[in-house]
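Topology and contacts: notes
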Amino acid sequence: VVIGRSNIVGKPMALLLMQKGIDATVTVCNTKTPDLREYTKDADIIIVATGHPGTIDSSYVKDGAAVIDVGVNRIKDETRKKGFRLVGDADYSSFKDRNVMITPVPGGVGLMTVSMLMENTLEAAVKRRGR
């Protein structure tokens, strides 16, 4: 299940998963999907990219599932030096006693994004030089 329909994450992710060779059965939902839990509770993989903190918690997810949290949200936190902290779209703390794999925010998908950006930049430079 992909939760989010943006042109940046949701739609491209759904299309990538449906490619020939990957052949995933993909359901695309959004924050206005009625009874979102009905779609997520049986999913093996949930990719949440809504831009809204706390879109899902552990009650949306079955044991053994993977949650890939793509959201990065600043929420006010006066205890922090900068006055805010970063959280994802999933309520990470609700998963602590569950048998669920979940990416942290910060420190999860963002690091992979930077790695792939560097790899693609290097590949483009090599192709431009003709090697």
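Everything that follows concerns the structure shown earlier in this document.
Below is a summary of the structure that appears in this document. (Residues numbered from 1 in each chain as written. Predicted model: local features only at pLDDT ≥ 70, side-chain atom pairs only at ≥ 80, totals over all residues. Heavy atoms only, no water.)

Here we take up the overall build of the protein. Secondary structure summary: the protein contains three helices and seven strands in total. Reading the protein from its N terminus to its C terminus gives the helix and strand order β-α-β-α-β-β-β-β-β-α. Counting only C-alpha atoms and orienting by the principal axes, one finds that the protein spans roughly 50 × 45 × 25 Å. By the burial criterion, 31% of the 131 residues in the protein qualify as buried. In the protein, the proportion of contacts linking residues at least 24 apart, taken out of those at least 6 apart, comes to 47%. As displayed, the protein has an accessible area near 9,000 Å², and 55% of this comes from carbon and sulfur atoms. In the protein, the 19 positive side-chain charges and the 15 negative ones have mean positions that sit 10 Å from each other. (Helix = DSSP H or I, 4+ residues; strand = E, 2+ residues; numbered from the N terminus. Buried < 20%, exposed > 50% of the residue type's maximum accessible area, 1.4 Å probe, protein only. Contact = heavy atoms within 4.5 Å. Areas by Shrake-Rupley, 256 points an atom, 1.4 Å probe, with all protein chains shown as cover. Lys, Arg positive; Asp, Glu negative; His and termini not counted. Charge placed at Lys NZ, Arg CZ, Asp CG, Glu CD.)

Before going further, it helps to spend a moment on the pairing of strand 4 (residues 66-69). Bridging between strand 3 (residues 45-48) and strand 4 involves four bridges; their strand directions are parallel. Residue Ile-47 lies in a different strand from strand 4, and its bridge partner there is Ile-68. (Pairing = 2+ DSSP bridges.)

Strands sit in the order 2-1-3-4-7 across an open sheet of five strands; the sheet is parallel. At either end of the open sheet lies a strand with only one pairing partner, and these are strand 2 (28-29) and strand 7 (101-102). In this sheet, strand 2 lies alongside strand 1 (residues 2-3) in parallel orientation, the contact comprising two bridges. Counterpart to Ile-3 in the pairing with strand 2 is Cys-29.

Along its 21 residues, helix 3 (residues 109-129) runs 30 Å from first to last C-alpha, staying within 8% of the 30 Å computed at 1.5 Å per residue. Downstream of helix 3 by a residue or two, Gly-130 has a phi angle that is positive, lying close to 85°. (Expected span 1.5 Å × (residues − 1).)

To continue, consider the nonpolar core. Formed by 16 residues in total, the largest nonpolar core has its most connected members in Ile-3, Ile-56, Val-61, Val-67, Ala-90 and Phe-95. Residue contacts for Phe-95: discarding those within four places in its chain leaves Asp-57, Ser-58, Val-61, Val-67, Ala-90, Val-100 and Ile-102. (Core = buried A, V, L, I, M, F, W, Y, C linked by side-chain atoms within 4.5 Å.)

The next subject is the packing of aromatic side chains. In this structure the tally under the stated criterion is zero aromatic pairs. Cation over ring: Arg-37 sits above Tyr-60, and NZ or CZ is 4.0 Å from the ring centre. For Arg-74, the ring lying beneath its charged end belongs to Phe-84, and the centroid distance is 4.2 Å. (Phe/Tyr/Trp six-rings, centres within 6.5 Å; stacked < 30°, edge-to-face > 60°. Lys NZ or Arg CZ within 6 Å of the ring centre and 35° of its normal.)

From the geometry alone we can't say anything about function, so treat these as descriptive.
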